[in-house]
Amino acid sequence: MQGADKLTTNRRNVLRYTAGATTLGLASIAGCIGDDPEEGNGNGNGGNGNGNGNGNGNGNGGGDIDEITLTLTQFPDTQDPLDHITGDYFNVYDHIYEPLFDFQPGEGIFPRVAEDWEAQDDGTTEVYLRDDVVFHNGDDLTAEDVAWTINRTVDPDIGVQSPIGTYGLGSIEGAEAVDDTTVAINYGASAGLAEFEFGNYARAMNKQWAIDNYDAENEAIAGAEPEAFNGTGPYEVVEYTSGEEIVVEAFDDYWGDQPPFSQVTFNATGESSSRVAALETGESDVTMNILPEDVQTVQDADDIDIRNVTSFRNIFCPMKNTVEPFDSQEFRQAMNYAVDNEAIVSEILSGFGEPRGQPVAPGINGFNDELEPYEHDPGRAESLVEDSGYGDVEITLTAPQGRYLNDAAIGERVADMIDQLDNVSCEAEIVDFPVVSDANQAGVEPGQFDIPFYMIGWGTITGDTDYGVQGFFTIPDNPSRTFDDEELSDAILETQQIDDPEERTAALQDVNALAREKAPFVFLHTQESIYGANSNIQWDPREDETIYIWEMEA
């Protein structure tokens, strides 16, 4: 297990994933929401201990629970497991299309469907699969299934243009079956970076089933019946109501241990108050993204409790530097000095967050402990604005509503703090999340985007700084970048070729320092994940926002 040893001994930080789409309702609760891709579900995790929750309680045990309901913020709007890169989606589909590896934040990847793996020193890692794994339809899992799934993820000409391939498997070039249980994964970066990526995102679809039934080499899988799902995970789909709920039951022929509950129902509502109400009435057993103002309600209720942990998700405001006034480094730094992040975390998040001054959160490989958040210094901000030559400029901050913890209130506060500068006028525009998501992917070509300054969140789900910076800052083959700077781009690309783990970690720390100096974002905070749960369920939330039913007990 070369891969596991490397990660465990050489990187004390690690991986994870995320991100967005459509919500529909709890049948008995109400609530619909729209949403979208990768930026995450706003859950947060991690644990800085500064929140008002009651800690990571494990419940009171002693329950006899065989069926549970998990209420998300967004209900998956696709049946194709590759057609998304969203935290809520993964929290459903990972139980059906299980990951090839087990990943533990801070520890590394471990055997699961993949029993072992070994880098071949030629830009290839061979992955050795278990020989007793079957799909829910009874077909045996083969190396060809895994290779095809990886190729379908990274090759836009096969099946569906997968965001997992663009963001999650960015260094992976393809895969091929060596024999029935050996897959060779090819990549164009260091073996360490590739391992971060395939350790998180490698899955298996049933190639022949997908092609024969859903023309999956040409389009996304779509269907209204439970039979549209066919993975190797511990749960199989038994009921599916599009936009409302998906019911899974323990798969009798699963190769591993049987999961802790015989049946799990996934549903969703976008309103924190509705999710709390579902907990109080027993209609839900676990839910996420409890707003700080709803925490006390959960704490005061019987038989449910709060579980909270600091996440790998940072909240920030990109500034596209191909247009005025954001083309000035002095102006961008001034925006950072204008914002009082301590006050935002304290007053709007009730302590459920941590001010940040770099692109990634603590626990991520390459996080730089020496980088402090920008201090709140309006005088220095005004001086830098004058130095930039953009005094008396008028700008607008576009912020989402309902996507992250109290996001609209935070956006309005940030805009107000900037507006208090004597030489800048700033107003907030609150919009639905897809508007800022589209702005984030619109690139930096002047004339090709309308929103240069907006608020968004990003969960560095692989646990490596590369995932938190390359999509925003690298230049070649990245039309969706938000910042145009060759020095920063080159620094990131150089880290992708470094094989020595310690050398690479140091280089990533330098990337974070360079990003802080160039100020491509107004850095805000690392968000905390706040969950509500049935007290009888023993479960600790993870920093990477992943919810695995098999990690729960009752």
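Re the overall build of the chain
Next, step 1: Each helix and strand in the chain was counted, giving 16 helices and 17 strands.
Next, step 2: Taking all 554 residues of the chain together, the buried fraction comes to 62%.
Next, step 3: Taking contacts inside the chain between residues at least 6 apart in sequence as the whole, the part at least 24 apart equals 74%.
Next, step 4: Within the structure as shown, the chain displays about 19,300 Å² of accessible surface, and the carbon and sulfur contribution to it stands at 37%.

Some points on empty space enclosed by the protein
Next, step 1: In total, this model carries five cavities of 30 Å³ or more according to the counting rule given.
Next, step 2: Its volume calculated, the largest cavity comes out at about 80 Å³.
Next, step 3: In terms of lining residues, the largest cavity is bounded by P81, L82, H84, F90, Y93, D94, Y97, T149, T153, I164, Y201 and R203.
Next, step 4: Counting residues per element, the ones that place at least two in the lining of the largest cavity are α2 (87–93) and α3 (143–154).
Next, step 5: The residue inventory of the lining of the largest cavity, partitioned by class, reads seven nonpolar, three polar and two charged.

Things to note about the pairing of strand β5 (residues 124–129)
Next, step 1: Examined bridge by bridge, strand β4 (residues 114–119) and β5 share five bridges and lie antiparallel to one another. Following the sheet pairing, A119 is matched in β5 by T125.
Next, step 2: Counting the residues in the hairpin turn of β4 and β5 gives four residues, including D121, whose phi is positive at 60°.
Next, step 3: Here β5 runs beside strand β7 (residues 182–187); their pairing, made up of five bridges, is antiparallel.

Quick word on the sheet that holds β5
Next, step 1: Within the open sheet, the four strands sit side by side as β4-β5-β7-β6. Their pairing is antiparallel. The sheet is open, and its two edges are formed by β4 and β6 (172–179), each paired on a single side. Strand-to-strand, the axes of this sheet are offset by a mean angle of 20°, without reference to chain direction.
Next, step 2: Here α3 sits on the sheet and contacts β5, β6 and β7; the angle it forms with β6, its principal contact strand, is near 165°.

Topic: the side chain of R504
Next, step 1: Residue placement: R504 occurs in helix α16 (residues 501–518).
Next, step 2: A distance of 3.2 Å separates the side chain of R504 from the backbone oxygen of T495, its partner in a polar contact.
Next, step 3: Apart from residues no more than four positions distant in its own chain, R504 is found in contact with S190, L193, F196, N365, D464, D466, T495 and I498.

So, the side chain of D88
Next, step 1: Relative to the helices and strands, D88 is located in helix α2.
Next, step 2: Polar side-chain contacts of D88 include one of 2.6 Å to the backbone nitrogen of Q74.

Description of the confidence of the model for the chain
Next, step 1: For the chain, per-residue confidence averages 87 on the pLDDT scale, and 89% of positions sit at 70 or higher.
Next, step 2: In this model, residues 1–62 is a region of pLDDT below 50 whose contacts with residues beyond four sequence positions or in other chains number 313 contacts.

Observations concerning a negative patch on the surface
Next, step 1: Judged by side-chain charge, E330, E386, D387, D392, E394, D416, D419, E427 and E429 come together as a negatively charged surface patch.
Next, step 2: At the level of elements, α11 (378–388), α12 (407–419) and β15 (424–431) are the ones that each hand at least two residues to the negative patch.
Next, step 3: The topology assignment puts D392 in the loop between α11 and β14 (393–400).

Examining unusual backbone geometry
Next, step 1: Following E324, the chain continues into P325 via a peptide bond in cis, with omega recorded as -5°.
Next, step 2: Assignment of secondary structure puts P325 in the loop between β12 (304–318) and α9 (329–338).
Next, step 3: For S350, which is not glycine, the phi dihedral falls at a positive 50°.
Next, step 4: Judged by its relative accessible area of 27%, S350 falls in the partly exposed class.

Observations concerning the pattern of salt bridges
Next, step 1: In this structure the tally under the stated criterion is 16 salt bridges.
Next, step 2: Of the charged contacts in the structure, one is a salt bridge between R130 and D132, with a shortest N-O distance of 2.9 Å.
Next, step 3: Since its relative accessible area comes to 34%, D132 is described here as partly exposed.
Next, step 4: A salt bridge links D464 to R504; its shortest N-O distance comes to 2.8 Å. Highlighted residues: D464 in the loop between β16 (456–459) and α14 (465–473) and R504 in helix α16, separated in sequence by 40 residues. In this structure, D464 and R504 share a single accessibility class: buried.
Next, step 5: Bridged by salt links that share partners, the residues E98, D102 and R112 form one connected network.

Remarks on the nonpolar core
Next, step 1: Ranked by size, the top nonpolar core spans 104 residues in total, and within it M335, I395 and I418 carry the most contacts.
Next, step 2: Excluding residues that lie within four positions of it along the chain, I418 makes contacts with M335, A338, V339, I395, V424, C426 and F453.
Next, step 3: Ranked by size, the runner-up nonpolar core spans 39 residues in total, among them I65, L72, A228 and I549.

Looking at the packing of α3 against helix α6 (residues 207–214)
Next, step 1: Their axes nearest at 8 Å, the elements α3 and α6 cross at an angle of 60°. Classified by the angle between their axes, α3 and α6 sit oblique to one another. When α3 is examined against α6, the residues E144, D145 and W148 are found in contact with a partner set consisting of K207, A210 and I211.
Next, step 2: Of the residues contributing to the contact of α3 with α6, the split by class is three nonpolar, no polar and three charged.

Rules and cut-offs
- Residues numbered from 1 in each chain as written.
- Predicted model: local features only at pLDDT ≥ 70, side-chain atom pairs only at ≥ 80, totals over all residues.
- Heavy atoms only, no water.
- Helix = DSSP H or I, 4+ residues; strand = E, 2+ residues; numbered from the N terminus.
- Buried < 20%, exposed > 50% of the residue type's maximum accessible area, 1.4 Å probe, protein only.
- Contact = heavy atoms within 4.5 Å.
- Areas by Shrake-Rupley, 256 points an atom, 1.4 Å probe, with all protein chains shown as cover.
- 1 Å grid on protein atoms, 1.4 Å probe; cavity = no way out; pocket = protein on both sides within 12 Å on 5 of 7 lines; lining within 4 Å.
- Points joined across faces, edges and corners; volume = space filled by probe spheres on them.
- Nonpolar A, V, L, I, M, F, W, Y, C, P; charged D, E, K, R; others polar.
- Pairing = 2+ DSSP bridges.
- Axes fitted to C-alpha atoms, helices over the stretch in contact; angles between N-to-C directions.
- Polar contact = N/O pair within 3.5 Å; in protein donor to acceptor, adjacent residues only side chain to side chain.
- pLDDT = per-residue confidence, 0-100.
- Patch = residues over 30% accessible without salt bridge, like charges linked within 9 Å, V, L, I, M, F, W, Y side chains within 5 Å.
- Salt bridge = Lys/Arg side-chain N within 4 Å of Asp/Glu carboxyl O.
- Lys, Arg positive; Asp, Glu negative; His and termini not counted.
- Charge placed at Lys NZ, Arg CZ, Asp CG, Glu CD.
- Core = buried A, V, L, I, M, F, W, Y, C linked by side-chain atoms within 4.5 Å.
- Parallel < 35°, antiparallel > 145°, perpendicular 65-115°, else oblique.

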